[in-house]
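Geometric and topological summary
Chain by chain, the residues:
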Amino acid sequence: MANGSKQIVDFAKIKATMADPYKHPVQVINGDGKVVDPDTLAKYSDDQLVDFMKKMVWERTLHEQTMNFSRQGRLGFYAPTAGEEASEMGSVTAFKDQDFLLPAYRDLPQMIQHGTTVAKGFLWSKGHVSGNQYENPNMLFPQIIIGAQYAETAGVALGIQKNGDKDRVAFVYTGDGGTSQGDWYEGINFTSAYQAPAVFFVQNNGWAISVPRKKQTAAETLAQKAVAMGVPSVQVDGMDIVAVHEVAKAARDFAVAGNGPVVIETLTYRYGAHSSAGDDPSRYRTDEETKPWFDADPLIRMRKVLTDKGVWSQDQEDKLVDQYKDEFKDAMKEAEAAPAQKVSDFLKWTYNVPTPAVKKQIAEFEAKESK
Amino acid sequence: MAKMTYIKAITSGLDQVLSDDPKTLIFGEDVGKNGGVFRTTVDLQDKFGEDRVFDTPLAESGILGLAIGLSLTGWRPIPEIQFMGFTFEAMDGIVGQLARDHYRFGGQKNFPVTIRTPFGGGTHTAEMHADNLENYFVSTPGLRVVTASNPYDAKGLVISAVESDDPVLFMENLKLYRSMKDEVPDDKYTVPLDSAKVVREGTDITLVAYSAEVNEALTAADALAKDNISAEVIDLRSLSPIDTDTIYASIDKTHKVVVIQEAQRMAGVGAVVASDIAEDKIMSLDAPIGRVAAPDSVYPFAQAENDWIPNSDDIEAKAREIFNY
Ligand SMILES: Cc1ncc(C[n+]2csc(CCOP(=O)(O)OP(=O)(O)O)c2C)c(N)n1
Ligand SMILES: [Mg+2]
C-alpha cells in the first residue's frame, strides 16, 4: 500500500475511542464531600441519607470486629470489606426481598441485609454448613469459585421471566478479577440473549489479590465489556453511596420493565488484605498508591454531607458503633454455640436417597459419633 | 545439603529448571510479584524477569489455553492453577485438549506442560481449596500425575515433571508446605516420574499411600510396631501411571495389603490400585485387600474436615483387621 493512502478501516482510531462513553463515572457527592449533583441528592430525604450512613457505619464496624475475631482465631476464611461500604450498601438497598441475590465471598454484608443473620455469616466463615441455611430463600451462598455466580444468574433471571414474576430481578456481584472468567461473559450474554431481568455488579476494588486491575484486560473500563453482549453499562463512583444507589435503582427499573440486563462497574477500593488467610498487601502495593483511596472514603464524605445538614454527629456515630459491636459479639457467641457438625449428618446431604455405600458409611459414622 | 521445607524444595526445583532451560515459563494468578499465594514462586520473577515469570488474568481456562499455545511455539510452560478446586475451570484445557494433543498429532508434537496445583485437607481453607481431585486426572490417558509426600521427592519430582515431554499434573500438598523439613540437596537431582518408593521396610503387612497419608501411614506403622506387627509403607509418588512392580514385590513378602487415600472412597486412586492387586496378585494374598478412604460426602466445610479425613488411627485399625484376618 502506498504511503499516506487512506486505509479502509482505522483500527487505531477505533481503539482510541472505544471507552469514550465511559469518560465520566456517575457521581453525586465527590471525594471532598462536595455535592456535585444537587438535583439527585434532593430526591433523598434526610432520613434516607441517615439510613445510608448507618448502614455504612454498620458495615465498617462489622469489618473491624471481624478483623478482631480473625486475630483471635475465632473466624475462618473471611474477606475484609473496608472501603467497599458505599458500593455494597448503596447497591443492595436498591433491591427488594423477592429479588434473587447471587453473592461472592466478599458480599456477606449484602447477604445479611438481604436475608440472613450475622451469626450465620460467621458460621459460614468458620466452616459450618448451617451458616448456609437462610431465612430468605432468594439467595445463594457466597460463591468461592470466581465467576460461577455470573453464569448461574442467567438461569435465575430466565426462571423469573418464565414464571412471569413482574417485580423481580436477579442481582449478582463479582470483582474486577472476576470479569476475566469465561463464566462472566457467558452469564451476561445468556441473560442478554433472553432479555431476562438481571443486574450485574462488578465491584472494581483495584485488585484481584496481588494482580492490579490493569493486568486483567487492556480495556480501559470494565463496564464497556458489556457492550459486546448488547448490554448497557455504566461506571459509577463506588465510594459515593448515593450515586451507587441511584444507578442500581435505575438498573433494577430498567430490567424489571423487560429491557434485559444491565452491568454496573463500581469504582471502589479494598483497604485491607485480600482475605484473612495470610495475604500481605505490602508485597504488591505502596502507601502512595492507596492514600488517595483512603482520602476518598465513603464514610468521610457522607459524614460531611450529613453534618452540614445538621442531621449527624460524632456522638451519635460513636453510640452506633458501640451498639453494633455488641450485636456482633452476641452473634459470635451464637455462632460459637452451634452444635458441631456430624459426618453422619452431611453424608445424608450427599444424595436425597442415600446410595448403598453412603448408607453403610452413615451407620459407621453414627456408631463412631455415639461413642 | 540444607534442611528445607516442602514448599522451599519446590521453589528450589523451579529455580533449577528456570536456570537450566531458557524456554521454561511460569505463569498463573499471583505467581509474579506476590510469588504465589503460598510463596511457592517467591523471588523467581525478580531473578528471571517478568518475561519468564508472570501473572495472567483471572481465568483458568485461559491459563491452560495459554500453556497449550505456548507449547506449540516452542516453549516449556509451567502454569500454576492456584488451587486444585479451580482445575474444573480448566477441565477442557487439561482433559479435552492437552492430554490428547500428542496423540492427535500422531506423535509429531510434544506438549511439555507441567501444571502445578496445591490440594489437600486439614488446614481449614475456604471450600473448594482442599479437595483431592486426582481421580479426574488419573483416569485421563495422556496425562501423568505425580505428588510428593516429602521435601526431597518434591524437588526431584518437579524437576522431572518439567523435563518430561509429556504433560504432567504436579499436585502439591498444602498441609505439607510448611509442616515438614528434610535434607534436600542444593544441586540438581531428579526423582523418576513413574516410580513408587518403599519408605519403611516391613514384613507383615503392606500399607500403600500417597501424599499426606504417607505420613499418617508411617505413624500407624510406629503404633503397629509396638505390637510386633511389622508394616511396610509404600509411597506411590506417581498416581498415573501406578508403579505396580514395587507394590507387588512388597505383597510377595507380606501377603497382606491396605490401600490408603485422603479422597472419598468413590474418588482417589485406591480403587485402581486395589483392582490391579486383585487381578495380578490375588494368589499371593492371605487376606482381603483393605481400604482406607474418606466417606462419600462432598468435601466438608472446614470445621468438620478433621473428623472426616482418614488419619493414622483409621489406618492402624484397618491394618489390625487385615493382619488378624
Ligand atoms: C475459579 C477461581 N480461581 C481463582 C480463585 C482464587 N481467588 C480468590 S479471590 C481471587 C481474586 C479475585 O479478585 P476480584 O474478582 O477482583 O475480587 P476481590 O477479591 O477483589 O473482591 C482469586 C484469584 C478462585 N476463588 N476461584
Ligand atoms: Mg478486586
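The structure presented is a predicted model; accordingly, all values stated were derived computationally and were not measured. In this convention, every chain numbers its residues from 1, walking through the sequence in written order. Each chain gets a letter, beginning with A, and each ligand a number, beginning with 1, in the order they are written. Reporting in this predicted model follows two pLDDT cut-offs: at least 70 for local features of residues, and 80 or more for side-chain atom pairs to be given and counted; totals over whole chains, interfaces and linings ignore these cut-offs and use all residues. Only hydrogens and water are set aside; all other atoms, that is, all heavy atoms of the structure, feed into the side-chain values.

Interfaces are often described in size by the accessible area the parts lose on coming together. Here the limits of each domain have been adopted from an automatic or database domain assignment. According to the domain assignment, chain A contains domain 1 (17-339) and domain 2 (341-371). Using C-alpha coordinates to define each centre, domain 1 of chain A is positioned 38 Å away from domain 2 of chain A.

Once that is clear, we can look at the nonpolar core. To qualify as a nonpolar core, a set must consist of buried Ala, Val, Leu, Ile, Met, Phe, Trp, Tyr and Cys residues joined through side-chain atoms within 4.5 Å. For every residue, the accessible area (1.4 Å probe, protein chains only) is compared with the maximum for its type, and the residue is labelled buried under 20%, exposed over 50%, or partly exposed between those bounds. If you look at the biggest cluster of nonpolar residues, it comprises 80 residues, and the most contacted ones within it are L236, I247 and I277 of chain B. Helix and strand labels come from DSSP, where a helix needs a run of H or I of at least four residues and a strand needs a run of E of at least two; each type is numbered from the N terminus. Broken down by element, the residue count for this core peaks at seven residues, all from helix α1 (residues 6-20) of chain B. Each of domain 1 (2-184) and domain 2 (197-323) of chain B accounts for three or more of the residues forming this core. Ranked by size, the runner-up nonpolar core spans 69 residues in total, among them V50, V247 and V321 of chain A together with L58 of chain B.

All names here are of chain B. When the domains of chain B are assigned, the result is domain 1 (2-184) and domain 2 (197-323). Of note, the centres of domain 1 and domain 2, computed from C-alpha atoms alone, are 26 Å apart. We call two residues in contact when some of their heavy atoms are within 4.5 Å. Every contact between the two is made by 29 residues of domain 1 and, on the other side, 24 residues of domain 2. We define buried area as the total accessible area lost by two parts upon association, computed with a 1.4 Å probe and summed across both. With both sides pooled, the region where domain 1 packs onto domain 2 buries about 2100 Å², and carbon together with sulfur makes up 50% of that total. For salt bridges, the criterion is a side-chain nitrogen of Lys or Arg within 4 Å of an Asp or Glu carboxyl oxygen. For the interface between domain 1 and domain 2, the tally reads one salt bridge. With its nearest N and O atoms 3.1 Å apart, the salt bridge here joins R237 to D153. Throughout this description, a polar contact denotes any pair of N or O atoms lying within 3.5 Å of each other; where both atoms belong to protein, one of them has to be capable of donating a hydrogen while the other can accept it, and for residues adjacent in sequence the pair is counted only when both atoms sit in side chains. Our count for the domain 1 to domain 2 interface comes out at 13 residue pairs in polar contact (both at pLDDT 80 or more).

This part is about the coordination of the magnesium ion (ligand 2). All names here are of chain A. Note that water is not among the atoms considered, so a metal site may appear incomplete; the donors listed are N, O and S atoms within 2.8 Å of the metal, with 3.2 Å applied to Na, K and Ca. At 2.1 Å from the magnesium ion (ligand 2) lie its protein donor atoms, namely D176 (OD), N205 (OD1) and W207 (O). Read in sequence order, the donor residues for the magnesium ion (ligand 2) give the motif D-x28-N-x1-W. Remark: N205 occurs in the loop between β3 (198-204) and β4 (207-208) and D176 occurs in the loop between β2 (170-175) and α8 (182-193); sequence separation between them is 29 residues. Judged on exposure class, the residue D176 and its partner N205 are both buried.

Computed over the protein atoms alone on a 1 Å grid, cavities are sets of points where a 1.4 Å probe fits but cannot get out and pockets are open sets with protein on both sides within 12 Å along at least five of seven lines; a residue lines them when it has an atom within 4 Å of a point. Grid points are joined across faces, edges and corners, and a volume is the space filled by probe spheres set on the points. According to the stated counting rule, one finds three cavities of 30 Å³ or more in the structure shown. Roughly 130 Å³ of volume is contained in the largest cavity. Lining the largest cavity are 14 residues, and of these W124 and G127 of chain A together with T125, A126 and E127 of chain B sit closest to its centre. Classifying every residue of the lining of the largest cavity gives seven nonpolar, five polar and two charged. In this structure, the second largest cavity occupies an estimated 40 Å³ of space. Around the second largest cavity, the lining residues are T125, A126, E127, M128, H129, A130, D131, Y299, P300, F301, A302 and E305 of chain B. Each residue is assigned to one of three groups, with Ala, Val, Leu, Ile, Met, Phe, Trp, Tyr, Cys and Pro labelled nonpolar, Asp, Glu, Lys and Arg labelled charged, and all others, Gly among them, labelled polar. Grouping the amino acids of the lining of the second largest cavity by side-chain chemistry returns seven nonpolar, two polar and three charged. In this structure, the lining of the second largest cavity is formed jointly by two domains, domain 1 (2-184) and domain 2 (197-323) of chain B, each of which donates at least three residues.

Before going further, it helps to examine helix α5 (residues 108-115) of chain A. Counting buried residues along α5 of chain A, seven of its eight residues qualify, which places the element largely inside the surrounding structure. Here the buried face of α5 of chain A lies against α3 (46-71), α4 (85-92), β1 (100-102), α6 (118-126), β2 and β3 of chain A.

A word on the side chain of N138 of chain A. When you line up the elements, N138 of chain A lands in the loop between α6 and α7 (148-163). Take N138 of chain A: its relative accessible area is 14%, and that puts it in the buried class.

A few words on the packing of helix α8 (residues 244-254) of chain B against helix α9 (residues 270-281) of chain B. When two helices pack together, their arrangement is given by the angle between their axes and by how far apart the axes lie. Residues and elements named next belong to chain B. Here α8 crosses α9 at 60°, and the two axes come no closer than 11 Å. Here α8 is positioned oblique relative to α9, judged by the angle of their axes. Along this stretch, α8 crosses α9, giving a crossing that reads as right-handed. Within the contact between the two elements, α8 uses T244, I247, Y248, I251 and D252 and α9 uses V273, D276, I277, D280 and K281. Split into classes, the residues belonging to the contact of α8 with α9 amount to five nonpolar, one polar and four charged. Axis lines are fitted through C-alpha atoms, for helices just across the contact stretch, and the angle between N-to-C directions can take any value from 0 to 180 degrees. Each angle gets one of four labels, with under 35 degrees taken as roughly parallel, over 145 as roughly antiparallel, 65 to 115 as roughly perpendicular, and the rest as oblique. Handedness of a helix crossing follows the sense of rotation of the near helix relative to the far helix, less than a right angle counterclockwise being left-handed and clockwise being right-handed.

It is the rolling of a water-molecule-sized probe over the atoms that shows where space remains empty. Its boundaries defined by the atoms lining it, the second largest pocket holds a volume of some 830 Å³. Elements with a minimum of two residues in the lining of the second largest pocket: α14 (356-369) of chain A together with β14 (290-294), α10 (305-308) and α11 (312-323) of chain B. Of the residues forming the lining of the second largest pocket, the biggest block, seven residues, is contributed by α14 of chain A. Counted by class, the lining of the second largest pocket contains 14 nonpolar, four polar and 11 charged residues.

On to the pairing of strand β4 (residues 76-79) of chain B. Residues and elements named next belong to chain B. Side chains R76 and I78 of β4 all project onto a buried face; the interleaved residues P77 and P79 project onto the opposite face, where all are buried too. Whether two strands pair depends on DSSP finding at least two bridges between them. Summarising the sheet, strand β2 (residues 24-28) and β4 pair through four bridges and their orientation is parallel. Among the inter-strand pairings, I26 is bridged to a residue of β4, identified as I78.

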